[in-house]
Amino acid sequence: MIEVYGYATPNSVKVVIALEEMGLDYTLHAVNLKQGMQKSEHFRALNPNAKVPVLVDARPDAEALVLTESAAILMFLAERQQHLLPASGLERARVMEQLFFHASAVSPSFGQAGYFSRLAEEPQPLAHQRFFSEAERVSALLDEQLAERRFMAGDDYSIADIAHFGWYWRRAFPGIALDAYPNLSRWYASVDQRPAVQRAIARVQALAAS
């Protein structure tokens, strides 16, 4: 039995997309960030870092696996199911390259740009401009790469696409528009129309209404 704790966030939707793509049964639990549920004693027992998502894989013959960090969860699921991640070689390395690029460049720049433009108690224009410019820079870089490949890591859809999709799905938070990036726009549309992605989006959006 797989349980996922999340909310309508870029990182949560990645995990749910992967589960839907792989056809796995799972239960999705809402952790309402606006109400501070991520700081509750119950949730911090699962993730002391107080962040979503968290995946719990309960197995009858072993202790339950509790896993945090969306990229780690994507890798775990892909290896567990031998799906959406090449087994070896350059193709696998390219997927890993994009996962690390997402974790080190895309996610921090998008998250911080959104924070300083929307959530900071006092305006901090220099901080906002720094991270917003970085979000634009990494988007332009991905757009260049996608001029030569169909998906983020090559010709095949993978967990690298799922990782990047999460923040581009929530691109309004940092204020990033796709208009200036034709290849990125094409890629986003192709991922967004996948049935598994549509199901995942509907499920995580419902968490915010619960």
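The notes below deal with the structure included here.

Definitions and limits used
Residues numbered from 1 in each chain as written. Predicted model: local features only at pLDDT ≥ 70, side-chain atom pairs only at ≥ 80, totals over all residues. Heavy atoms only, no water. Helix = DSSP H or I, 4+ residues; strand = E, 2+ residues; numbered from the N terminus. Rg over C-alpha atoms; globule rule 2.2 N^0.38 Å. Buried < 20%, exposed > 50% of the residue type's maximum accessible area, 1.4 Å probe, protein only. Contact = heavy atoms within 4.5 Å. Areas by Shrake-Rupley, 256 points an atom, 1.4 Å probe, with all protein chains shown as cover. Lys, Arg positive; Asp, Glu negative; His and termini not counted. Charge placed at Lys NZ, Arg CZ, Asp CG, Glu CD. Pairing = 2+ DSSP bridges. Right-handed = clockwise from strand over helix to strand, strands pointing away. Axes fitted to C-alpha atoms, helices over the stretch in contact; angles between N-to-C directions. Salt bridge = Lys/Arg side-chain N within 4 Å of Asp/Glu carboxyl O. Core = buried A, V, L, I, M, F, W, Y, C linked by side-chain atoms within 4.5 Å.

This part covers the overall build of the protein chain. Across its full length, the protein chain carries eight helices and four strands. For 210 residues, the compact-globule estimate of 2.2 N^0.38 gives 17 Å, and the protein chain sits close to it at 17 Å. Along the first, second and third principal axes, the C-alpha atoms of the protein chain reach 50 × 45 × 25 Å. For the protein chain, buried positions account for 47% of its 210 residues. Within the protein chain, residue pairs in contact and separated by at least 24 positions form 66% of the contacts whose partners lie at least 6 positions apart. As displayed, the protein chain offers around 10,700 Å² of accessible surface, 51% of which is attributable to carbon and sulfur atoms. Here the protein chain carries 20 positive and 24 negative side-chain charges, and the mean point of each set is 3 Å from the other.

This part covers the pairing of strand β2 (residues 26-30). Inspection of the sheet shows strand β1 (residues 2-6) paired to β2 by five bridges, in the parallel sense. Considered in β2, the bridge of Glu 3 is made with Thr 27. Considered for its hand, the β-α-β crossover made up of β1, helix α1 (residues 10-22) and β2 is right-handed.

A separate point is the pairing of strand β3 (residues 54-59). Looking at chain direction, β1 and β3 are connected through four bridges and run antiparallel. By the bridge assignment, Ile 2 is partnered in β3 with Asp 57. Where β3 and strand β4 (residues 62-68) come together, five bridges link them in antiparallel fashion. Bridge assignment links Asp 57 to a residue of β4, and that residue is Leu 65. As consecutive antiparallel partners, β3 and β4 are separated by two residues.

This part is about the sheet that holds β4. With mixed pairing, four strands are arranged side by side in an open sheet as β2-β1-β3-β4. Where the open sheet ends on each side, the last strands, each with one partner, are β2 and β4. For this sheet, the mean inter-axis angle between neighbouring strands, taken without regard to orientation, is 15°. Of the strands in this sheet, β1 and β2 touch helix α8 (residues 195-209), which is tilted by about 35° from β2.

A few words now on the pattern of salt bridges. Summed over the entire model, instances satisfying the criterion amount to six salt bridges. Taking the shortest distance from any N to any O, the salt bridge between Asp 57 and Arg 80 comes out at 3.5 Å. Remark: Arg 80 occurs in helix α3 (residues 70-81) and Asp 57 occurs in strand β3; sequence separation between them is 23 residues. Between Glu 134 and Arg 137 there is a salt bridge, and its shortest N-O distance comes to 2.9 Å. On the criterion of helical spacing, the pair formed by Glu 134 and Arg 137 is a turn pair, its members being three residues apart in helix α5 (residues 125-146). Glu 134 sits in the partly exposed class, given a relative accessible area of 26%. Assessed through its relative accessible area of 44%, Arg 137 is described here as partly exposed.

In this structure, Leu 77, Ile 159, Phe 165, Tyr 168, Leu 184 and Trp 187 are the most contacted members of the largest nonpolar core, which totals 62 residues. Here the element with the most residues in this core is helix α4 (residues 89-119); it accounts for nine residues. Not counting residues within four places of it along the chain, the set of residues in contact with Tyr 168 comprises Val 106, Phe 110, Ser 139, Leu 142, Leu 178, Leu 184, Trp 187 and Tyr 188. Counting seven residues, the second-largest nonpolar core is a separate cluster that includes Tyr 5, Val 31, Phe 43 and Val 54.

Nothing here speaks to function; it is geometry throughout.
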